[in-house]
Amino acid sequence: MEDIEKTFENYQGSDIKKVTLKNDHGVTISCLSLGATWYEFLVPDENKQQKNLLMNFDHCVDYYSNGLCCCQSIGRVAGRIKNGQFTLDGANVQVPTNENGNTLHGGNNGFRFLNWQVQTAKTANSVSAIFTHQIKEDHDGFPGDMLVTITYTLDNEDKVTISYKAENGTQTTLFNPTCHAYFNLSDNPNLSTHEIKINSEKHLQLDPELIPTGKMLANANTPYNFHDFSNLAAALEANKGFDDAFVINGTENQMKYVATLREKESGRQITISSEGNCLVMYTMTQEQSEVKFKRDNGSIGQPSEAVALEAQILPDAINHRDFGDIVLPANTTKEHQIVFAFEQH
Ligand SMILES: OC[C@H]1O[C@H](O[C@H]2[C@H](O)[C@@H](O)[C@H](O)O[C@@H]2CO)[C@H](O)[C@@H](O)[C@@H]1O
């Protein structure tokens, strides 16, 4: 196991660190301190070259010239909060809004905009990058301060575990983090050879601003049916892309199988597990004129060039009783984990 820490670049007067973690048989991940971003998931290909399964950019500025939140840490609250409003401990709370009067992905001062402190740790079979930040009410506009630790661990089974721990202060707040990981497991700038399976029977009905209405709709007999592996490109065509929240089967707060993405030409496969009750699948539905991914050498990002798989608790959960618990009571600690297991078939 190996860990290497370097300066990635200077961005807006701060040194941005890049931490690289390697396991004992050639799988490597790297992360940036800016946004506690997952930068690379490198696996050896048939020519012993390293293939990055994640989308990324050359420079920090590229992460903020578009709204993709590419592979960044999202918090305090992933997804949308209707009107940026909710009731907490009996009080009406208004948090800053950043999209059509709603609050998306923690607002304009969420986790992804912060430069996190980082250190590393190793065991015989795993290596970790540990990011910490004191999250302040004064900064992001959510109630209360809390200490957040985001740990990326790569192990010798080619599993990447991301753990999100929040140690709260004296005020009740919200915590529903995720990693906005964009995958393309192939060498093509599209998902035509990808298949996905999702442990879900229902998805959320959304209004035109993509706010959940409160209703859950059956996946069966619709393009949302990924109960068995289905070709993603065909489903994308049938549904004109996805920007949707799938309800994951299983018990809340228990680690469970979420989804598997596989690519038939390379045999590469990623299996996701988490404790949350939701997978948001976002397939970059529009052309992304401000997006030039590193792997595309200057070409503009295509619709459906990659798929974001965001394991979390259902969006706008604070405004819907049956959507899951994202409340972090005062003086308590909560930890959520997402596991990405790589396999080659
Ligand atoms: O500007 C890029 C896109 O930003 C939004 O997409 C978000 C999507 O709606 C969320 O459900 C998902 O979790 O994150 C996406 C990236 O932030 C816009 O809705 C989309 O139209 C833009 O293309």
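This text follows the structure it describes.
Just so it is clear, the structure is predicted and the values come from calculations on it, not from any experiment.

So, how was this worked out
Residues numbered from 1 in each chain as written. Predicted model: local features only at pLDDT ≥ 70, side-chain atom pairs only at ≥ 80, totals over all residues. Heavy atoms only, no water. Near = heavy atom within 4 Å. Polar contact = N/O pair within 3.5 Å; in protein donor to acceptor, adjacent residues only side chain to side chain. Areas by Shrake-Rupley, 256 points an atom, 1.4 Å probe, with all protein chains shown as cover. 1 Å grid on protein atoms, 1.4 Å probe; cavity = no way out; pocket = protein on both sides within 12 Å on 5 of 7 lines; lining within 4 Å. Sits in = over half its atoms within 2 Å of the grid points. Nonpolar A, V, L, I, M, F, W, Y, C, P; charged D, E, K, R; others polar. Disulfide = S-S within 2.5 Å. Buried < 20%, exposed > 50% of the residue type's maximum accessible area, 1.4 Å probe, protein only. Helix = DSSP H or I, 4+ residues; strand = E, 2+ residues; numbered from the N terminus. Pairing = 2+ DSSP bridges. Core = buried A, V, L, I, M, F, W, Y, C linked by side-chain atoms within 4.5 Å. Contact = heavy atoms within 4.5 Å. Salt bridge = Lys/Arg side-chain N within 4 Å of Asp/Glu carboxyl O. Axes fitted to C-alpha atoms, helices over the stretch in contact; angles between N-to-C directions. Points joined across faces, edges and corners; volume = space filled by probe spheres on them.

Trainee: Could you give me a rundown of the site of the ligand, with the residues and numbers involved?
Mentor: In the region of the ligand, 15 residues are neighbours, and Gly67, Arg80, His180, Asp243 and Glu310 sit closest. Take His105: an N or O atom from its side chain is 2.9 Å from an oxygen atom of the ligand. Within the contact set of the ligand, an oxygen atom lies 2.5 Å away from a side-chain nitrogen or oxygen of Asp243. Taken by itself the ligand offers 470 Å² of open surface, and the protein chains cover 81% of this. The site holding the ligand turns out to be the largest pocket. Residues that form the shell around the ligand fall into these classes: six nonpolar, five polar and four charged.

Trainee: An account of the state of the cysteines is requested, with residue identities and associated values reported.
Mentor: This model, assessed by the stated rule, comprises zero disulfides. You can see Cys31 has no disulfide; the closest cysteine sulfur is in Cys179, sitting 8.6 Å from it.

Trainee: Report on the pairing of strand β26 (residues 307–312), specifying residues and quantitative values.
Mentor: For β26, the tally of buried residues reaches six of six residues, placing the bulk of the element in the interior. Because side chains alternate across β26, one face comprises the buried residues Val307, Leu309 and Ala311, and the other comprises Ala308, Glu310 and Gln312, equally buried. As paired strands, strand β17 (residues 181–183) and β26 are joined by three bridges and run antiparallel to one another. When the bridges of β26 are listed, Phe183 appears paired with Val307. Judged from the five bridges that link them, strand β25 (residues 278–282) and β26 form a sheet pairing that is antiparallel. In the strand pairing of β26, Leu279 is matched with Ala311.

Trainee: An account of the nonpolar core is needed here, citing residue identities and associated values.
Mentor: Ranked by size, the top nonpolar core spans 78 residues in total, and within it Trp38, Phe41, Ile150, Tyr182, Phe183 and Met281 carry the most contacts. Ranked by residues supplied to this core, first place goes to strand β13 (residues 146–155) with five residues. Not counting chain neighbours up to four residues away, the residues in contact with Phe41 comprise Val27, Thr28, Ile29, Lys51, Asn52, Leu53, Leu54, Asp158, Val160, Phe183, Ile270 and Phe342. Counting residues in each nonpolar core, the second largest holds 19 residues, with Val77, Phe142, Ile313 and Phe323 among its members.

Trainee: Pulling in residues and values, what's your account of the pattern of salt bridges?
Mentor: Applying the stated criterion to the full structure yields eleven salt bridges. Its salt-bridge partner being Glu167, residue Lys165 comes within 3.8 Å of it at the nearest N-O pair. In this structure, Arg262 and Glu195 form a salt bridge, with 2.7 Å as the shortest nitrogen-oxygen distance. Of this pair, Arg262 sits in strand β23 (residues 256–263) while Glu195 sits in strand β18 (residues 194–198), placing them 67 residues apart in sequence.

Trainee: Provide a residue-level description of the sheet that holds strand β1 (residues 2–11), including the pertinent values.
Mentor: Strand order in the open sheet formed by five strands is β1-β2-β3-β4-β5, with antiparallel pairing between adjacent strands. Looking at the sheet topology across the chains shown, the edges are occupied by β1 and β5 (50–52). For this sheet, the mean inter-axis angle between neighbouring strands, taken without regard to orientation, is 25°. Two strands pair when backbone bridges link them, and β1 and strand β2 (residues 14–22) are joined in this way by nine bridges, in the antiparallel orientation.

Trainee: Give a description of the pairing of strand β11 (residues 117–122) that names residues and reports values.
Mentor: Sheet topology places β11 next to strand β12 (residues 126–135); six bridges connect them, and they run antiparallel. Following the sheet pairing, Lys122 is matched in β12 by Val127. What sits between β11 and β12 in their antiparallel hairpin is a turn of three residues.

Trainee: Any details on the layout of surface pockets? Residues and values, ideally.
Mentor: By volume, the largest pocket amounts to about 590 Å³. What lines the largest pocket is a set of 29 residues, and nearest its centre among them are Gly67, Arg80, Glu99, Leu104 and His105. Elements with a minimum of two residues in the lining of the largest pocket: β22 (243–248), β25 and β26. Ranked by residues supplied to the lining of the largest pocket, first place goes to β22 with three residues. Residue classes in the lining of the largest pocket are distributed as eleven nonpolar, eleven polar and seven charged.

Trainee: Account for the environment of Gly141, with residues named and values stated.
Mentor: Along the polypeptide, Gly141 turns up in the loop between α1 (137–140) and β13. As for Gly141 and Asn125, which are separated by 16 residues in sequence, their C-alpha atoms are 40 Å apart. In this structure Gly141 touches Gln94, Val95, Pro96 and Lys136, once residues within four positions along its chain are discounted.

Trainee: Help me get a handle on the environment of Gly241, residues and values and all.
Mentor: Note that Gly241 resides in the loop between α2 (232–239) and β22. The buried category is assigned to Gly241, whose relative accessible area is 10%. Sequence spacing of Gly241 and Gln286 is 45 residues, and the spatial spacing of their C-alpha atoms is 8.8 Å. Not counting the four nearest positions on each side in its chain, Gly241 is found in contact with Leu236, Thr283 and Thr285.

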